[in-house]
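# Reading the structure
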Amino acid sequence: MPFVSIAWRDGGPQPNAAPPACFKDLNLGDVVDAACEGYEEYDLKPLFYTPLTTPEEVAYRQQVMREVEETALAGALRDFAAGLKAMRAHLAQRERLDYDRQQQYEFLLAAECYHRAAEQLSRALSEAAPRSAGLAAFTAWLHAYTASEGFLRLGTDIRGTRQALAAVHYTVHIKERTVRVDNYAGQKDYGKELEAFFHKFRQGDVRDYLCELPTPARMNHVEAAILTLVAKRNPEPFAMLARFSDDWQDFQDPVLLRFDREIQFYLAFTAYAGRFRAQGLPFCLPEVTGRRGVCRCAESFDLALATKNLKEGAPTVCNGVELHEGERIMVVTGPNQGGKTTFARMMGQLYYLAALGCPVPGAQAQLSLVDNLFTHFEREEEQTPDSGRLADDLHRAHEMLANATPSSLFLFNEVFSSTTVQDALYLGRQVMERISRMDALCVWVTFLDELSAFDEKTVSLTSLIDPEDKQARTFRIVRRAADGKAYAVSIARRHGLSYEQIKERMR
């Protein structure tokens, strides 16, 4: 198959222009913003908005990601990107210039940057001999491209035009308001003669009084007139420059330009993950499978929260979980502010990043490839009267269930909290029954301990408190039956109503 894309094995779809609905609840916008910082010119966000749909596509990206992470290729790829960045700078400069010959020269410099970058990358890839399917296919394509007649002729024309221009030497005679241009004929350089004459009077290091004259990018009308006179005396080199500009308007290959943009996806996320690895937080390429219900991760963390913590110098708590055969629904209970919502976000981020072919936070991970990620998190800005909130909860739950498949992932956070405990239990069981019947994955954060033992597919997870200080949160989530005791004791103690506190007051 001919090479088309380094991001999609078969060329891929048109990337999504807007983020998926789950981005806001999972704080994935913060993750993508941080990962793309410094790469704005490449417009990488649509690639992060478009998850892959098959394990084969994920494996294609993971192979490239692993090779970029583990070999010296990243340096060669960054050099290539710098070359094409310089090309774009010259092309942009050409658009800002007023005079034809200066525009033509900027165009020549742009083509030279492009040609050199492609040649250097081709040599680097030959030495590296990449093994990933994506980079191996691109290497073969690039070798063929750089050996093609058109590319070789481009190089010949660049070198010929540059050499012809470099051979032009001229003198400028300025007398009052008159400027005359002649070809250089070996006249003496009086400046060098004066410098040599006075050199014998020099004693030790002296201060340099020479000043650098600024060289503006745009010529003024006098400089343009001088250049016109130079071109009249040396017509052939400037005719070559004009022909080059006319003949090579389409010197850029669209496949190489697409590669330049898409490879930044790998470089950007690799650099982003490297910030956390440098602080001792692990990242790994997960094992992604088409089998449903696979969920295992160790030492994982909420990447959006970790990004914030990294800026503030705060620690990040890691968690892990493993579902056994037949288990599908994780019910997370425990005290408020104990890390339950953070855990749910972490799980959503893991599955979403895995579907992008990216490394995920954690020492190891095995995850199913999900086709949809449905989230329902309560947001303060959306709070309405209880009757309105309940109707909204029901409508959103119905819409999620109607569009889900057995390969989907549900993330519910304190849903139905606006109604009575009895009604919340009834509605929660109704929704969980449909998810269980569908055999889909689900993370359900709730204050209702009764839901943690809903059926044989349900796993109870609880957030731990410090055994020495029942009011202190550890933000650790463990597999354990819910009992609600730690929550009740913590609340009572906070308000001075624990058994010991009441007993002391009575005494």
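Figured I'd write up the structure that's included with this text.

### Focus: the overall build of the chain
- When its secondary structure is counted, the chain shows 18 helices and 14 strands.
- Here the C-alpha atoms of the chain give a radius of gyration of 33 Å, more than 25% beyond the 23 Å that 2.2 N^0.38 yields for 507 residues.
- Per-residue burial over the chain gives 46% buried out of 507 residues.
- Partitioning the intrachain contacts of the chain with sequence separation of at least 6 by distance along the chain shows that 75% fall at a separation of at least 24.
- Surface summary for the chain: the accessible area is close to 26900 Å², and the carbon and sulfur share equals 52%.
- On the chain, the mean spot of the 59 positive side-chain charges and the mean spot of the 69 negative ones are 3 Å from each other.

### Concerning unusual backbone geometry
- You will see that D43, though not glycine, has its phi angle at about 50 degrees, which is positive.
- If you trace the backbone, D43 turns up in the loop between α2 (28-36) and α3 (45-48).
- Here E176, not a glycine, exhibits a phi torsion of approximately 55 degrees, which is positive.
- Note on placement: E176 falls in the loop between β1 (170-175) and β2 (178-183).

### What about the environment of A365?
- With respect to the helices, strands and loops of the structure, A365 is situated in strand β9 (residues 364-368).
- With 111 residues separating them in the primary sequence, A365 and R476 have C-alpha atoms 18 Å apart.
- With residues near it in sequence (within four places) discarded, A365 still touches C284, P286, E287, R296, C297 and V360.

### A look at the packing of aromatic side chains
- Scanning the model with the defined rule gives 25 aromatic pairs in all.
- Considering the side-chain rings of F48 and F269, the 6.2 Å spacing of their centres and the 40 degrees angle between planes classify their relative orientation as tilted. A residue pair is termed long-range when its members are at least 10 positions apart, and F48 in helix α3 and F269 in helix α12 (residues 254-277) qualify at 221 residues. Residue F48 shares its accessibility class with F269, and that shared class is buried.
- Ring centres of F269 and F283 lie 6.5 Å apart, and the angle between their planes is 70 degrees; on these two criteria the pair is classed as edge-to-face. Note that F269 is positioned in helix α12 and F283 in strand β3 (residues 283-284), a separation of 14 residues in sequence. Taken individually, F269 and F283 each receive the classification buried, so the pair is uniform in this respect.
- Site record: aromatic cluster; members linked through ring pairs are F48, F265, Y266, F269, Y272, F276, F283 and F301.
- Just above the ring of W8 sits the side chain of R61; from NZ or CZ to the centre is 4.8 Å.
- Over the aromatic face of F265 sits the side chain of R61, whose NZ or CZ is 5.0 Å from the ring centroid.

### Section: the pattern of salt bridges
- Inspection of every chain in the model, using the stated rule, returns 22 salt bridges.
- Where D33 meets K45, a salt bridge forms, and the shortest distance between an N and an O atom there is 2.7 Å. Here K45 lies in helix α3 and D33 lies in helix α2, a separation of twelve residues in the sequence.
- Across the pair R396 and D392 runs a salt bridge whose closest N-O atoms are separated by 3.7 Å. With R396 and D392 both in helix α15 (residues 386-403) and four residues apart, this pair spans about one turn of that helix.
- A relative accessible area of 34% means that D392 is categorised as partly exposed.
- The network of salt bridges with shared partners includes E41, K85, R88 and D260.

### Focus on the nonpolar core
- Within the largest apolar cluster, 117 residues are counted, with the highest numbers of intra-cluster contacts made by F48, F259 and M347.
- For this core, the element with the highest residue contribution is α12, accounting for eleven residues.
- Filtering out sequence-adjacent residues up to four positions away, F259 remains in contact with F3, I6, L77, F80, L121, L135 and F138.
- One finds I329, M400, F416 and A440 within the second-largest nonpolar core, a separate group that totals 23 residues.

### A word on the side chain of H376
- As for its placement among the helices and strands, H376 is situated in strand β10 (residues 373-377).
- Judged by relative accessible area, which is 3%, H376 ranks as buried.
- Engagement of the side chain of H376 in a polar contact is seen with the side chain of D393, the distance being 2.8 Å.
- If we skip the residues at most four places from it in the chain, H376 touches D25, D393, R396, M400, L411, F412, N413 and V415.

### Overview of a nonpolar patch on the surface
- Residues Y170, V172, I174 and V179 make up a contiguous nonpolar surface patch of about 350 Å² in total accessible area.
- Ranked by the residues each element gives to the nonpolar patch, the list is headed by β1, at three residues.
- Looking at the secondary structure, you find I174 in strand β1.

### Some remarks on empty space enclosed by the protein
- For the structure on display, the rule yields two cavities of 30 Å³ or more.
- Of the pockets and cavities examined, the largest cavity occupies roughly 50 Å³.
- What lines the largest cavity is G290, R291, R292, G293, S368, L369, V370, P406, S407, S408 and L441.
- Considered class by class, the residues forming the lining of the largest cavity number four nonpolar, five polar and two charged.
- Its volume calculated, the second largest cavity comes out at about 40 Å³.
- Split into classes, the residues belonging to the lining of the second largest cavity amount to seven nonpolar, one polar and one charged.

### So, the side chain of R61
- In this fold, R61 is placed in helix α4 (residues 55-70).
- A polar contact of 2.7 Å, which involves the side chain of R61, links it to the backbone oxygen of A7.
- In this structure, R61 is in contact with A7, W8, L52, F265, Y266, L356 and G357, ignoring residues within four places of it in sequence.

### Overview of the sheet that holds β9
- Here four strands make up an open sheet; going across it, the order is β4-β9-β5-β6 and the pairing mixed. Each end of this open sheet is capped by a strand with a single partner; those strands are β4 (287-289) and β6 (319-322). Averaged over all pairs of adjacent strands, the angle between strand axes in this sheet comes to 20 degrees, irrespective of strand direction.
- Here β4 runs beside β9; their pairing, made up of three bridges, is parallel. Opposite E287, over in β9, you have Q366 as the bridge partner.
- Strands in contact with helix α14 (residues 340-355) are β4, β5 (295-300), β6 and β9; relative to β5, the strand with the most contacts, it is inclined by about 110 degrees.

Calculation criteria
Residues numbered from 1 in each chain as written. Predicted model: local features only at pLDDT ≥ 70, side-chain atom pairs only at ≥ 80, totals over all residues. Heavy atoms only, no water. Helix = DSSP H or I, 4+ residues; strand = E, 2+ residues; numbered from the N terminus. Rg over C-alpha atoms; globule rule 2.2 N^0.38 Å. Buried < 20%, exposed > 50% of the residue type's maximum accessible area, 1.4 Å probe, protein only. Contact = heavy atoms within 4.5 Å. Areas by Shrake-Rupley, 256 points an atom, 1.4 Å probe, with all protein chains shown as cover. Lys, Arg positive; Asp, Glu negative; His and termini not counted. Charge placed at Lys NZ, Arg CZ, Asp CG, Glu CD. Phe/Tyr/Trp six-rings, centres within 6.5 Å; stacked < 30°, edge-to-face > 60°. Lys NZ or Arg CZ within 6 Å of the ring centre and 35° of its normal. Salt bridge = Lys/Arg side-chain N within 4 Å of Asp/Glu carboxyl O. Core = buried A, V, L, I, M, F, W, Y, C linked by side-chain atoms within 4.5 Å. Polar contact = N/O pair within 3.5 Å; in protein donor to acceptor, adjacent residues only side chain to side chain. Patch = residues over 30% accessible without salt bridge, like charges linked within 9 Å, V, L, I, M, F, W, Y side chains within 5 Å. 1 Å grid on protein atoms, 1.4 Å probe; cavity = no way out; pocket = protein on both sides within 12 Å on 5 of 7 lines; lining within 4 Å. Points joined across faces, edges and corners; volume = space filled by probe spheres on them. Nonpolar A, V, L, I, M, F, W, Y, C, P; charged D, E, K, R; others polar. Pairing = 2+ DSSP bridges. Axes fitted to C-alpha atoms, helices over the stretch in contact; angles between N-to-C directions.

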